[in-house]
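Analysis of the macromolecular model
Listed here are the chains, written in short residue letters.
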Amino acid sequence: MDVQVYPIKRTTLGHLRELWAYRELVAGLVSRNLKIKYQDSILGFVWALLNPLLTVLVLTIVFSRIVRLDVEQYWAFLLSGYFVWHFITQSISAATFLLVQHAEISRSIAYPQEASIVAAAISRLIEFAMEMTLILLALLIFRHHGQLPIGYLAVPWLVVIMFIMVLAVMLPLATLSVYYRDVYHGLPLVLTMFFYITPVFYPAVFVTGPLRVIYFCNPLVHLLTAFHKACYEGVLPSLWACAGLTAGGLVALLLGYVFFNHFKAAYAEIL
């Protein structure tokens, strides 16, 4: 693959141009990630689908048979949001070891190191797109009785928002992981906490009282609620909520990218 090498720019716009110049490398890394993940595997993509599906099955049994939540067709509610949560956690977790994992490659080939992070996020997004296609089809048949809900029109926008938000977290997290390896060990605890304070297995409307204001400061609450509305309820989520998530996600992504590039020059020495 012939990729022209550009000198490192000192502005955010320069870094973006540099990353764009290496778009073929990013595409190659995406292809490599997917091939390595499923090589010598008989079931292939089925494994990516099986893990979250089993979790959904367990949660459905627990919260519809044992600890009963008053949610109609609870399995459909879980499907509408759990795979989104699974994508977020898998992508963010990968950021804690990506730069370390690609350290040897970066020492032998000159390329923008954010390419590894973007490629990892895109690889997982491709898997998510296939998962979401099957989920929407299942919900269409068994939840919406074959009638295409208008809420499905918002799903592509929500996926873009989700991707922007995840990438905004991955970039600074990858930086911190280079300097502090404790991030790798501490992140699962943080994600576990967010699992309970994000409406993954219960609707956000269940949260009442004075803590509700604090609860809705979590942007993932708004994202998961929008997915529930679009996929489970079949209605269009709030336009203002989606616009706010988009604007906030883009600002966070810009700040995360600036933070990542501020420390980029030191990565090679540390790794």
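Residues numbered from 1 in each chain as written. Predicted model: local features only at pLDDT ≥ 70, side-chain atom pairs only at ≥ 80, totals over all residues. Heavy atoms only, no water.

**Details of unusual backbone geometry**
Here glutamine 73, not a glycine, exhibits a phi torsion of approximately 45°, which is positive. Inspection of the secondary structure puts glutamine 73 in the loop between helix 3 (46–66) and helix 4 (74–94). Unlike most non-glycine residues, histidine 145 shows phi in positive territory, near 55°. For histidine 145, the position within the fold is in the loop between helix 7 (114–142) and helix 8 (155–179). (Helix = DSSP H or I, 4+ residues; strand = E, 2+ residues; numbered from the N terminus.)

**Re the nonpolar core**
Formed by 78 residues in total, the largest nonpolar core has its most connected members in Ile88, Ile117 and Leu223. Apart from the residues lying within four places of it in its own chain, the contact partners of isoleucine 117 are Leu98, Leu99, Leu167, Met170, Leu171, Ala174 and Phe260. (Core = buried A, V, L, I, M, F, W, Y, C linked by side-chain atoms within 4.5 Å. Buried < 20%, exposed > 50% of the residue type's maximum accessible area, 1.4 Å probe, protein only. Contact = heavy atoms within 4.5 Å.)

**Concerning a nonpolar patch on the surface**
A contiguous nonpolar surface patch, about 740 Å² in accessible area, is contributed by Val46, Trp47, Leu50, Leu54, Leu57, Ile61, Ile66 and Val67. Look at valine 46 and you get partly exposed, because its relative accessible area is 39%. (Patch = residues over 30% accessible without salt bridge, like charges linked within 9 Å, V, L, I, M, F, W, Y side chains within 5 Å. Areas by Shrake-Rupley, 256 points an atom, 1.4 Å probe, with all protein chains shown as cover. Salt bridge = Lys/Arg side-chain N within 4 Å of Asp/Glu carboxyl O.)

**Comments concerning the confidence of the model for the protein chain**
It should be kept in mind that the predicted coordinates are not to be read in detail where pLDDT is low. The predicted model of the protein chain averages 89 in pLDDT, with 91% of residues at 70 or higher. Taken together, the stretch residues 1–9 has pLDDT below 50 and engages in 17 contacts with residues farther than four places along the chain or on a different chain. (pLDDT = per-residue confidence, 0-100.)

**Quick look at the layout of surface pockets**
A water-sized probe, rolled over the atoms, reveals where empty space remains. Approximately 500 Å³ is the volume attributed to the largest pocket. Lining the largest pocket are 21 residues; nearest its centre among them are Asn33, Lys37, Ala94, Phe97 and Ala120. Elements represented by at least two residues in the lining of the largest pocket include exactly helix 2 (23–38), helix 4, helix 5 (98–101) and helix 7. Considering every element that reaches the lining of the largest pocket, the biggest residue donor is helix 7, with six residues. Taken together, the residues that form the lining of the largest pocket break down as nine nonpolar, eight polar and four charged. (1 Å grid on protein atoms, 1.4 Å probe; cavity = no way out; pocket = protein on both sides within 12 Å on 5 of 7 lines; lining within 4 Å. Points joined across faces, edges and corners; volume = space filled by probe spheres on them. Nonpolar A, V, L, I, M, F, W, Y, C, P; charged D, E, K, R; others polar.)

**Structural notes on the pattern of salt bridges**
This structure, assessed with the given rule, holds four salt bridges. The partner of arginine 124 in a salt bridge is glutamate 131, and the shortest N-O contact between them spans 3.5 Å. The exposure class of arginine 124 is buried, given its relative accessible area of 8%. For lysine 229, the salt bridge is made with glutamate 233, and the minimal N-O distance between the two is 3.7 Å. Residue lysine 229 and its partner glutamate 233 are located together in helix 11 (residues 219–233), separated by four residues, close to a single helical turn.

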